[in-house]
Amino acid sequence: MTKVIGFCGSPRKNGNTHFLIETILKNAAEKGFETEYVSLNKADIGFCEACDACRKSGKGCVKKDGMQVMGEKMKESDVWVLGTPVYWWGPTAQMKVFTDRWYGLPRETFQNKKVILVVPMEDTEEKTASHVIGMYQDAFDYIGVEMADIIVAKGVMEAGAVQAKPDIIKQAEDAVNKI
Ligand SMILES: Cc1cc2nc3c(=O)[nH]c(=O)nc-3n(C[C@H](O)[C@H](O)[C@H](O)COP(=O)(O)O)c2cc1C
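Residues numbered from 1 in each chain as written. Predicted model: local features only at pLDDT ≥ 70, side-chain atom pairs only at ≥ 80, totals over all residues. Heavy atoms only, no water.

1. A short note on the UniProt feature "domain: NADPH-dependent FMN reductase-like" (unreviewed entry) in the protein
Next up, step 1: Per the UniProt record, "domain: NADPH-dependent FMN reductase-like" (unreviewed entry) is found at residues 2-118.
Next up, step 2: The annotated region residues 2-118 carries 32% helix and 19% strand content, and the separation between its end C-alpha atoms amounts to 20 Å. (UniProt positions renumbered as here; feature names shortened; annotations may be inferred. Helix = DSSP H or I, 4+ residues; strand = E, 2+ residues; numbered from the N terminus.)

2. Comments concerning the side chain of Thr-109
Next up, step 1: Residue position: Thr-109 is located in the loop between helix 4 (93-100) and strand 4 (114-120).
Next up, step 2: Engagement of the side chain of Thr-109 in a polar contact is seen with the backbone oxygen of Pro-106, the distance being 2.8 Å.
Next up, step 3: With near-sequence residues (within four places) excluded, Thr-109 lies in contact with Gly-71, Met-74, Lys-75 and Trp-80. (Polar contact = N/O pair within 3.5 Å; in protein donor to acceptor, adjacent residues only side chain to side chain. Contact = heavy atoms within 4.5 Å.)

3. So, the packing of helix 1 (residues 16-30) against helix 6 (residues 166-175)
Next up, step 1: As a packed pair, helix 1 and helix 6 sit with axes 7 Å apart at the nearest point and diverge in direction by 40 degrees. In terms of orientation, helix 1 and helix 6 fall into the oblique class. Considering the relative orientation of helix 1 and helix 6, their crossing is right-handed. Touching Phe-19, Leu-20, Thr-23, Ile-24 and Asn-27 of helix 1 are Ile-168, Ile-169, Ala-172, Glu-173 and Ala-175, all from helix 6.
Next up, step 2: Taken together, the residues of the contact of helix 1 with helix 6 break down into 7 nonpolar, 2 polar and 1 charged. (Axes fitted to C-alpha atoms, helices over the stretch in contact; angles between N-to-C directions. Parallel < 35°, antiparallel > 145°, perpendicular 65-115°, else oblique. Left-handed = near helix turned anticlockwise from the far one by under 90°. Nonpolar A, V, L, I, M, F, W, Y, C, P; charged D, E, K, R; others polar.)

4. Examining the pattern of salt bridges
Next up, step 1: All told, the structure shown has 12 salt bridges when counted by the stated rule.
Next up, step 2: Across the pair Asp-149 and Lys-178 runs a salt bridge whose closest N-O atoms are separated by 3.3 Å. Residue Asp-149 is located in strand 5 (residues 146-153), and its partner Lys-178 is located in the segment after helix 6; the two are separated by 29 residues in the primary sequence.
Next up, step 3: Residue Asp-149 is classed as buried on the basis of its relative accessible area, which comes to 11%.
Next up, step 4: The class for Lys-178 is partly exposed, based on a relative accessible area of 45%. (Salt bridge = Lys/Arg side-chain N within 4 Å of Asp/Glu carboxyl O. Buried < 20%, exposed > 50% of the residue type's maximum accessible area, 1.4 Å probe, protein only.)

5. Regarding the state of the cysteines
Next up, step 1: In the structure shown here, the tally under the stated rule is 0 disulfides.
Next up, step 2: Cysteine Cys-48 shares no disulfide, and the gap to the nearest cysteine sulfur, in Cys-54, comes to 6.7 Å.
Next up, step 3: With no disulfide of its own, Cys-61 lies closest to Cys-54 among cysteine sulfurs, the gap being 6.3 Å. (Disulfide = S-S within 2.5 Å.)

6. Thoughts on the site of the ligand
Next up, step 1: Around the ligand, the structure places 17 residues, and the nearest of them are Ser-10, Asn-16, Thr-17, Val-86 and Val-156.
Next up, step 2: Between an oxygen atom of the ligand and a side-chain N or O atom of Thr-17, the distance comes to 2.5 Å.
Next up, step 3: Taking Val-156, its main chain carries an N or O atom lying 2.7 Å from an oxygen atom of the ligand.
Next up, step 4: Burial of the ligand by the surrounding chains reaches 80%, relative to a free accessible area of 650 Å².
Next up, step 5: Under a 2 Å grid-point criterion requiring more than half of the atoms, the pocket assigned to the ligand is the second largest pocket. (Near = heavy atom within 4 Å. Areas by Shrake-Rupley, 256 points an atom, 1.4 Å probe, with all protein chains shown as cover. 1 Å grid on protein atoms, 1.4 Å probe; cavity = no way out; pocket = protein on both sides within 12 Å on 5 of 7 lines; lining within 4 Å. Sits in = over half its atoms within 2 Å of the grid points.)

In structure tokens form, the structure reads like this:
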């Protein structure tokens, strides 16, 4: 069965990222897909130390923390909903630390995977999300992951503000049709 996992890079409970990921997962579940939600804020993922032990040994990362569980979740799923608000024109620290640790994962983790990228932000200019989108698009081109959809939620500052944006909610509801 197709499995869809939402990785939430916002630390805010009931924030905009959380709401959009849950909307996508709800629609995925209605389509009969298996779904799971993960808060990266609570995932106990440490920094990549660039020791290169993963590449030298071929046995993966020597750091034993929450990333072992995350790596398994990534491997066992088919679609990742990666959600991060824009923080200082980039992803949140939670999402970046998680992404850095992909360096130590086996290549097969990325085979045949699709991503729906979700990016809320206060700004109303699309350009403000361009670094987050560009970073992930380039990374996915490099590791061979398909970007199935990108949802940018502009003009949302307060937690839950996106709930008053029907056009963005519709995009999130439709995203599952692209996987
Ligand atoms: C530390 C921090 C940095 C932020 N930097 C930006 C920014 O550079 N551009 C922007 O448009 N919004 C910025 N924001 C606003 C968030 O992107 C916005 O509130 C978003 O809706 C938060 O998503 P959430 O509700 O899922 O946490 C920042 C917020 C915080 C807390």
